[in-house]
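As a plain string of letters, each chain reads:
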Amino acid sequence: MTHSLLSPLDMHLHLRDEAMLKVVAPLSAHSFSAGLVMPNVVPPITTIEALLAYKKRIVEASGNDVFEPLMTLFFRSDYTRSFLEEASLHVKALKLYPSGITTNSEGGVASMDIEVLRPVLEAMSDLGLILCVHGETNGFVMDREKEFGSIYESFASSFPRLKIVMEHITTKESVALLDKYDNLYATITLHHLLITLDDVAGGMLKPHLFCKPIAKREEDRQALLHVSLNAHPKVMFGSDSAPHPISKKECCGCAAGVFTAPIALQALTELFDKHHALASLQAFVSDNAQKIYNYKPPFKEVILEKVPSLVPNAYGDVVPMFANESLAWSLKNVL
Ligand code: NCD
Ligand code: ZN
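Keep in mind that this is a model prediction, so the values were computed, not measured.

1. Some remarks on the environment of Met142
Reasoning step 1: Mapped onto the fold, Met142 is located in the loop between strand S6 (130-133) and helix H5 (144-158).
Reasoning step 2: A C-alpha to C-alpha distance of 36 Å links Met142 and Ser62, two positions 80 residues apart in sequence.
Reasoning step 3: Discounting chain neighbours no more than four positions away, the residues touching Met142 are Leu197, Ile214, Ala215, Lys216 and Arg217.

Structural data, given as structure tokens:
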């Protein structure tokens, strides 16, 4: 049995830089047609020069595979309208991080005060730039995303023409917001469709499953599954594949991030097949994002086959999700 996916897109991807970029970029470039590249490198991407130079390094690291890096800028509340006008020639989206909320987000937004953010959000709305948001407060770890809900609501109602993507949603409350506001969208990761907090910390601690936002409860996972398997038009696949070297994961003070890029399509196909929902997978991994981002990706056909594949224990010095385990599907061919 085989299953074909056309121009799969990863709408939330960390490619890092330097040696790590050289390890991970070819893996995404092999099976995805394009990816929305997060700007939280060190230092974060806040200028057009840095953006174009980073894009060039990604293209060089991607090898000969057809792969378009869709670049993002790190949101700053002091960007001017003329800067954003120029930026809109190079990016479709800006990524907003509350300051210090996750890996390399220290230069993020210190206050979510809408009046402080208004000039930039208004200009983005006028220019058709998309706002991608890491939606967590600094409250109790299991409540951070739910607490951010009221901020999503105030953004969505104050800027009705601004498309807002709630990145890597993990709760049933975030899922419910999708149907409440026309201009709210979401990315959903592979790992949040598969695991709950129990898998991370319910038994022996699993550092390679530790990420931000932390995986939540089974009822939350079910809500995420429901919209994904039913091809809800406002959800897109975004792996949030976030590689860290083994030394930063298997240590005291584990970095947040799950590395899924090389196994994402195989594992998603297995999951959708298990739920008899393969017919929805094309929308989830490409068609919805094309509509939301008004984007036509380069053509790529990925053929998957229901033949078991063993996941390597590491790529370079990064441990992937399902390391040393078998997946029910494998990549057969990429055209
Ligand atoms: C991401 C990273 O490592 O850059 N980590 C994560 O746990 N998801 C940042 C992010 O998306 O929060
Ligand atoms: Zn991320």
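2. Re the site of ligand 1
Reasoning step 1: Close to ligand 1 lie 15 residues; Arg16, Asn40, Thr102, Lys212 and Asp240 are nearest.
Reasoning step 2: In the environment of ligand 1, a nitrogen atom lies 2.7 Å from a nitrogen or oxygen atom belonging to the side chain of Asp240.
Reasoning step 3: For ligand 1, an oxygen atom lies 3.1 Å from a polar atom in the backbone of Ala256.
Reasoning step 4: Protein contact buries 100% of the 320 Å² of open area that ligand 1 shows by itself.

3. What about helix H4 (residues 114-127)?
Reasoning step 1: For H4, built from 14 residues, the straight-helix expectation of 20 Å at 1.5 Å per residue is met to within 8% by its first-to-last C-alpha distance of 19 Å.
Reasoning step 2: Of all the bends found along H4, the most pronounced is centred on Val120 and spans about 35°.
Reasoning step 3: Those residues of H4 that fall on the buried side of the exposure criterion are Ile114, Leu117, Val120, Leu121, Ala123, Met124 and Ser125.
Reasoning step 4: Two or three places before Glu115, at the start of H4, stands the capping residue Asp113, its side-chain oxygen 2.9 Å from that residue's backbone nitrogen.

Criteria and cut-off values
Residues numbered from 1 in each chain as written. Chains lettered and ligands numbered in written order. Predicted model: local features only at pLDDT ≥ 70, side-chain atom pairs only at ≥ 80, totals over all residues. Heavy atoms only, no water. Helix = DSSP H or I, 4+ residues; strand = E, 2+ residues; numbered from the N terminus. Contact = heavy atoms within 4.5 Å. Near = heavy atom within 4 Å. Polar contact = N/O pair within 3.5 Å; in protein donor to acceptor, adjacent residues only side chain to side chain. Areas by Shrake-Rupley, 256 points an atom, 1.4 Å probe, with all protein chains shown as cover. Expected span 1.5 Å × (residues − 1). Bend = angle between axes of the 7 residues up to and from the residue. Buried < 20%, exposed > 50% of the residue type's maximum accessible area, 1.4 Å probe, protein only.

The quantities given are spatial measurements derived from coordinates; they are silent on function.
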